[in-house]
Amino acid sequence: MNWDEFADWGGKAVAFGAEYHKTLRDRPVRPRVSPGEIAAQLPASPPEGGEGMEAILEDFERIVMPGLTHWQHPRFFAYFPANAAPPSMLAEMLVTMLAPQCMLWQTSPAATEMEGVMLDWLRQAVGLPEGFQGVIQDSASSATLAAVLVMRERALGWAGNVQGLAGQPAVRIYCSDQVHTSIDRAAWVSGVGQENLVKLPAVAEDPLRPMDVAALRAAIAADRAAGYLPAGIIGVTGATGMGACDRLGELADVAQAEDLYLHIDAAWAGAGMICPENRVLWEGVERADSMVFNPHKWMGAQFDCSAHFIRDPDALRQTLAIRPEFLKTLGAEDVTDYSEWSIPLGRRFRALKLWFLIRTYGLEGLREMIRNHIAWSRDLAARLAAEPDFEIVTAPVLSLFSFRHAGDDAHNLKLVEAINADGRIYLTQNKVDGQVVIRFQVGAFGATGADVATAFDVITEIARDMA
Ligand SMILES: *Cc1c(COP(=O)(O)O)cnc(C)c1O
């Protein structure tokens, strides 16, 4: 393909994208395909000769498009959002076309320096104090794994990387039973092990379901007495299931008293903190050692873009940095090499989309979106609560709540399936205190109040048809 052809097809691809987004509301959110249907349409072996882009793009529309879930759909109310705002897409297109590797300052100085400044913009935007430094990770899972590795190495006096874990005391890490599975996997991958990830109960009487801190203190004391090595605490703000929020100040008190590392997972909810009124949910975050939130969820920076803030990057570098001769930057020893702050060596230029995004909307524009989502979510929860056959099981935390329709678990599961098969909206089920609930979050960049009102109509209509 020559570059004139590239420009031609590139223009067509962008036009396709704009048309797709303009008509997205008319598509079912979830595809209607069965397992194996897409693969069956693809040739089993690669072609020997090249094909024209015309044929490839036609097949793309015919085979691929019908098999996609439309994550940018304005009525996507499932999981958490994975928003990609148009200016962020433009930045990603530019990055895709330049394709720089940004592991060291010298392998693309603009990428490193942009990343430093953008993370400081985000730090200010969510109200973290000066002193936190940021790095972009590919995912919150990676940021949490990095934090767990720091906990482990710090507790072991940096012996784990050198000697391995055999013969070391068992490192213990504490979190609530509300945390995301990425915390479990960080424990597995770091060699800490599931059994050494101590999950404390969440306080059921508190609607925010924070970790029981008395139980935390007791667990740490018992572990010390039994010869374990407590290393760190992972707090959560806005857990995946129902949005649980730990009392971070109390966790910080324990971490300080016990000399433990404190990491906060605010993957989804962190974006909400650009609105100062939401910061009560993570009071005390400023005393954490590290925190991660995903601009690639609610904020509109296309996946992947996790903002990982660290109070002491030296501990992170001491855990992860390796400097072979060929990676040394001659004549510029004071520069930041972000590959020393993360597990992979290679890194994309991910800061550019933050720059495009934040400049286009301004913080005020992004705050308005988040405030709308929260208001519409509360609205919908109130409307459902007023219906005699619906019950709000967990009240809105930011824009996330869960509800139940009168009937048993099987009925509610069937209701979720029927709603999703209808296609106008998409949501997911969850379990709270052993009982099936329907989980709802408003977060799509393009959502309007009318989309959320449609959700009310769809939910009530389908539920009553089934009853
Ligand atoms: C989404 C989410 C994660 C995982 O985020 P990735 O970036 O996909 O790794 C972790 N924790 C919470 C609370 C989340 O909502």
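Definitions and cut-offs
Residues numbered from 1 in each chain as written. Predicted model: local features only at pLDDT ≥ 70, side-chain atom pairs only at ≥ 80, totals over all residues. Heavy atoms only, no water. Near = heavy atom within 4 Å. Polar contact = N/O pair within 3.5 Å; in protein donor to acceptor, adjacent residues only side chain to side chain. Areas by Shrake-Rupley, 256 points an atom, 1.4 Å probe, with all protein chains shown as cover. Buried < 20%, exposed > 50% of the residue type's maximum accessible area, 1.4 Å probe, protein only. Helix = DSSP H or I, 4+ residues; strand = E, 2+ residues; numbered from the N terminus. Pairing = 2+ DSSP bridges. Right-handed = clockwise from strand over helix to strand, strands pointing away. Expected span 1.5 Å × (residues − 1). Patch = residues over 30% accessible without salt bridge, like charges linked within 9 Å, V, L, I, M, F, W, Y side chains within 5 Å. Salt bridge = Lys/Arg side-chain N within 4 Å of Asp/Glu carboxyl O. Axes fitted to C-alpha atoms, helices over the stretch in contact; angles between N-to-C directions. Contact = heavy atoms within 4.5 Å. UniProt positions renumbered as here; feature names shortened; annotations may be inferred.

S.K.: I keep staring at the site of the ligand and nothing clicks. Help me out?
M.R.: As a structural note, the neighbourhood of the ligand is formed by 14 residues, with Ala140, Ser141, Asp265, Asn294 and Lys297 the closest of them. Side-chain polar atom of asparagine 294 to an oxygen atom of the ligand: 3.0 Å apart, as the coordinates give it. In the environment of the ligand, an oxygen atom lies 2.7 Å from a nitrogen or oxygen atom belonging to the side chain of lysine 297. The fraction of the free accessible surface of the ligand (390 Å²) that becomes covered by protein chains is 87%.

S.K.: For this particular structure, what's the right way to read the pairing of strand E4 (residues 229-236)?
M.R.: A regular strand places its side chains so that they alternate between the two faces of the sheet. Burial runs high along E4: 8 of the 8 residues are buried. Two strands pair when backbone bridges link them, and strand E2 (residues 171-176) and E4 are joined in this way by 4 bridges, in the parallel orientation. Residue pairing in the sheet places valine 171 in a bridge with leucine 229 of E4. In the classification by handedness, the crossover that spans E4, the intervening helix H9 (residues 248-258) and the parallel strand E5 (residues 261-265) is right-handed.

S.K.: Just to check I follow, could you spell out helix H3 (residues 86-98) for this structure?
M.R.: Across its 13 residues, H3 extends 19 Å between first and last C-alpha, which sits within 8% of the 18 Å expected from 1.5 Å per residue. Phi for alanine 99, located one or two positions after H3, is positive at around 50 degrees.

S.K.: Where do I start with a nonpolar patch on the surface in this structure?
M.R.: On the surface, a cluster of nonpolar side chains totalling about 960 Å² of accessible area is made up of Met1, Trp3, Phe6, Val14, Leu90, Met93, Leu94, Met97 and Leu98. A per-element tally of the nonpolar patch places H3 first, with 5 residues.

S.K.: What is the right way to look at the sheet that holds strand E11 (residues 435-441) in this model?
M.R.: Sheet strands associate in pairs through backbone hydrogen bonding, adopting either a parallel or an antiparallel arrangement. Strand order in the open sheet formed by 4 strands is E8-E9-E11-E10, and the pairing between neighbours is antiparallel. The open sheet terminates on both sides in strands that have one partner only, identified here as strand E8 (390-397) and strand E10 (428-432). Strand-to-strand twist across the sheet, computed as the mean angle between neighbouring axes with direction ignored, equals 35 degrees. Pairing analysis gives 5 bridges linking E8 to strand E9 (residues 400-405), with the strands arranged antiparallel. Looking across to E9, one finds that isoleucine 392 is bridged to phenylalanine 403. The sheet contacts of helix H14 (residues 449-466) involve E8, E9 and E11, and relative to E8 the element is tilted by about 150 degrees.

S.K.: Just to check I follow, could you spell out helix H5 (residues 140-155) for this structure?
M.R.: Side chains of residues three or four places apart in an α-helix project in the same direction, reflecting 3.6 residues per turn. Over its 16 residues, H5 extends 22 Å from the first C-alpha to the last, a length consistent with the 22 Å expected when each residue adds 1.5 Å. For H5, a buried count of 13 out of 16 residues is recorded, marking the element as mostly surrounded by other parts of the structure. Positive backbone phi, approximately 65 degrees, marks glycine 157, located one or two places after H5.

S.K.: Looking at this model, I keep getting lost on the UniProt feature "modified residue: N6-(pyridoxal phosphate)lysine" (unreviewed entry) in the protein chain. Mind explaining?
M.R.: When the UniProt feature table is mapped onto this chain numbering, "modified residue: N6-(pyridoxal phosphate)lysine" (unreviewed entry) sits at Lys297. Looking at where lysine 297 falls in the secondary structure, it is placed in helix H10 (residues 295-299).

S.K.: When you look at unusual backbone geometry in this model, what are you seeing that I'm missing?
M.R.: With omega at 5 degrees, the peptide bond leading from phenylalanine 303 into aspartate 304 counts as cis. On the secondary structure map, aspartate 304 appears in the loop between H10 and strand E7 (306-310). With a phi angle near 40 degrees, tyrosine 79 is a residue other than glycine that sits in the positive phi range. Looking at the element boundaries, tyrosine 79 is found in the loop between helix H2 (53-64) and H3. Unusually for a residue other than glycine, leucine 398 sits at a positive phi of about 50 degrees.

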